[in-house]
Each structure stands twice: as structure tokens, then as C-alpha cells.
Amino acid sequence: MRTLIIAVLMAPLLGGCVGAVKSVVTAPVKAVGQVADWSTTSQDESDRNRGRELRKREERVGKLSRERDKATQKCRNGDQAQCQRAEVLDHEIEAEMATPY
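Residues numbered from 1 in each chain as written. Predicted model: local features only at pLDDT ≥ 70, side-chain atom pairs only at ≥ 80, totals over all residues. Heavy atoms only, no water.

## Here we look at the pattern of salt bridges
Counted under the stated rule, the structure contains five salt bridges. With its nearest N and O atoms 2.9 Å apart, the salt bridge here joins Arg60 to Glu96. Taken together, the residues span a long stretch of sequence, with Arg60 in helix α2 (residues 43–76) and Glu96 in helix α3 (residues 80–98) at a distance of 36 residues. On the basis of relative accessible area, Arg60 is assigned to the partly exposed category, the value being 38%. For Arg85, the salt bridge goes to Glu67, with nearest N and O atoms at 3.0 Å. A residue pair is termed long-range when its members are at least 10 positions apart, and Arg85 in helix α3 and Glu67 in helix α2 qualify at 18 residues. (Salt bridge = Lys/Arg side-chain N within 4 Å of Asp/Glu carboxyl O. Helix = DSSP H or I, 4+ residues; strand = E, 2+ residues; numbered from the N terminus. Buried < 20%, exposed > 50% of the residue type's maximum accessible area, 1.4 Å probe, protein only.)

## A few points about the confidence of the model for the protein chain
For the protein chain, mean pLDDT is 82; residues scoring 70 or higher make up 68% of the total. Confidence, read as mean pLDDT per element, is least for helix α1 (residues 2–39) in the protein chain (64) and greatest for α3 (95). (pLDDT = per-residue confidence, 0-100.)

## Points about the packing of α2 against α3
Where α2 meets α3, the closest approach of the two axes is 8 Å, and the angle between their N-to-C directions is 160°. By the angle class used here, α2 and α3 are roughly antiparallel. Where α2 crosses over α3, the handedness of that crossing is left-handed. Residues Arg57, Arg60, Val61, Leu64, Ser65, Glu67, Arg68, Ala71, Thr72, Lys74 and Cys75 of α2 pack against Gln82, Cys83, Arg85, Ala86, Leu89, Asp90, Glu92, Ile93, Glu96, Met97 and Ala98 of α3. Partitioned by chemical class, the residues of the contact of α2 with α3 number 10 nonpolar, three polar and nine charged. (Axes fitted to C-alpha atoms, helices over the stretch in contact; angles between N-to-C directions. Parallel < 35°, antiparallel > 145°, perpendicular 65-115°, else oblique. Left-handed = near helix turned anticlockwise from the far one by under 90°. Contact = heavy atoms within 4.5 Å. Nonpolar A, V, L, I, M, F, W, Y, C, P; charged D, E, K, R; others polar.)

Rendered as C-alpha cells:
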């Protein structure tokens, strides 16, 4: 009879132990899953990053094109240094367009 009473009184305490054991056992699995999430890039993130890089590249090409156009206009007005600058900027635009994104 005493054993039965002790067993009934110990049951709630064992439930707590089972919960603690479950937490300890599943913690490494959860940690590995979190590390995998941190170390990999989802397709959505990859697409977002690619779009960001394309926009930055377009901005750089646009800026270089505007500078080249200004230099070309000054070249037409007789400034030889600007003629050389326009050529350099043209090569920079070509190089920027040739780089993979």
C-alpha cells in the first residue's frame, strides 16, 4: 500500500524529469538546425541579393555614362584631356558590363 501511495506521489515529479530529459535530448538537434539555417542562403535571399547587385551595377554604369557624356561634350568643345577621359570612362563601362553579377 505504501509503495502504491509513494508511486502516485512520485508520478508528477517523474513527469517533470521526462520533460527535462526531452529538452536535453532535442536541444542538439535544434541547435544543428539553427546552424544550418544560419549557414545557408535561401533562394529568396539569393534572389534579393542578386537584384540588389544588379541595381548597384546599373547605378555605377549610369553614373559612368553620364560622366562620359559630359566628357564627350567637353571634348567636342576642344578639350583634349576630356577626350582621353571619355575614352577611359568608355572602357570602364565596358569592363563593368563584362563583370559577372
